[in-house]
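Chain by chain, the residues:
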Amino acid sequence: MRQKWLCSSMFPQKIVKYGNSLLSLYNENYSWDEMKTLSGKLQSKLAEVEDAKKQQVITNLVSDQIRQYYYIGGSMIQPGSATGSIYEFKRLKRQPWKWQSGSSVTYTNWDAAQPDCAGNSEFYMAAIRGHGRWNDMPSSYIYSGFILETPLNLKPAAEITYG
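All values derive from a computational prediction rather than experimental measurement.

Engineer: Residues and numbers for the overall build of the protein, please.
Structural biologist: A count of helices and strands for the protein gives 3 helices and 8 strands. When the helices and strands of the protein are placed in sequence order, the string is β-β-α-β-α-β-α-β-β-β-β. Residue burial in the protein is summarised as follows: out of 163 residues, 44% are buried. In the form shown here, the protein has an accessible surface area of approximately 8,900 Å², with 52% of it arising from carbon and sulfur atoms.

Engineer: Quick rundown of the pairing of strand 7 (residues 134–137)? Include the residues and the values.
Structural biologist: Side chains Trp134 and Asp136 project from strand 7 onto one buried face, and the interleaved Asn135 and Met137 project onto a second face that is buried too. Hairpin connection between strand 6 (residues 124–128) and strand 7: a loop of 5 residues separates the two successive antiparallel strands, and Gly130 in this loop has a positive phi of roughly 100 degrees.

Engineer: Account for the pattern of salt bridges, with residues named and values stated.
Structural biologist: One pass over the structure, following the stated rule, counts 5 salt bridges. Notably, a salt bridge pairs Lys54 with Glu50, separated by 3.2 Å at the nearest N-O pair. With relative accessibility at 40%, the residue Glu50 sits in the partly exposed group. For the salt bridge of Lys54 with Glu149, the shortest nitrogen-to-oxygen distance reads 2.8 Å. Taken together, the residues span a long stretch of sequence, with Lys54 in helix 2 (residues 52–62) and Glu149 in strand 8 (residues 144–151) at a distance of 95 residues.

Engineer: Now, about the nonpolar core: what can you tell me, with residues and values included?
Structural biologist: Ranked by internal contacts, the top residues of the largest apolar core, which has 38 residues, are Trp134, Phe146 and Ile147. Broken down by secondary-structure element, the contributors of at least two residues to this core are strand 2 (21–26), helix 1 (32–41), helix 2, strand 4 (69–76), strand 5 (97–99), strand 6, strand 7 and strand 8. For Phe146, the residues in contact, after removing those within four places along its chain, are Met10, Ser24, Leu25, Tyr26, Glu28, Tyr30, Met35, Leu38, Leu46, Tyr70 and Tyr71.

The rules behind each value
Residues numbered from 1 in each chain as written. Predicted model: local features only at pLDDT ≥ 70, side-chain atom pairs only at ≥ 80, totals over all residues. Heavy atoms only, no water. Helix = DSSP H or I, 4+ residues; strand = E, 2+ residues; numbered from the N terminus. Buried < 20%, exposed > 50% of the residue type's maximum accessible area, 1.4 Å probe, protein only. Areas by Shrake-Rupley, 256 points an atom, 1.4 Å probe, with all protein chains shown as cover. Pairing = 2+ DSSP bridges. Salt bridge = Lys/Arg side-chain N within 4 Å of Asp/Glu carboxyl O. Core = buried A, V, L, I, M, F, W, Y, C linked by side-chain atoms within 4.5 Å. Contact = heavy atoms within 4.5 Å.

In structure tokens form, the structure reads like this:
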């Protein structure tokens, strides 16, 4: 884990309430595994887009931001199993997309010609700045941020009893 996770300067650029959760946009750059770990520590998950209404909220979040891409919670099954062979690439390209929670991606908003699994390494989903359509991405990209979804009914990690 990077030490900057402990840094007090990591604050979301934008936070919006959507239904029973908060969507928070961060401009920090992390790998997919680091984002998943961080989201767990914050009792959150990378944002999951189930319908056009939520997609509009995501589009509004990324419309005027500084990063080119913002990771959301979609990925392909077993992304780390790629061997580099053309057969493995074709097999992975047919894998279904899943949300971080494990549910299937049923609503989609892919950009033109996406997902393309370019370079046999793009197995993670990101919203594109400006229009919010999706692109498949490698596990880490320098010009990216991410969007977390946090339920409003959080349980305290610890309780203090007085008296």
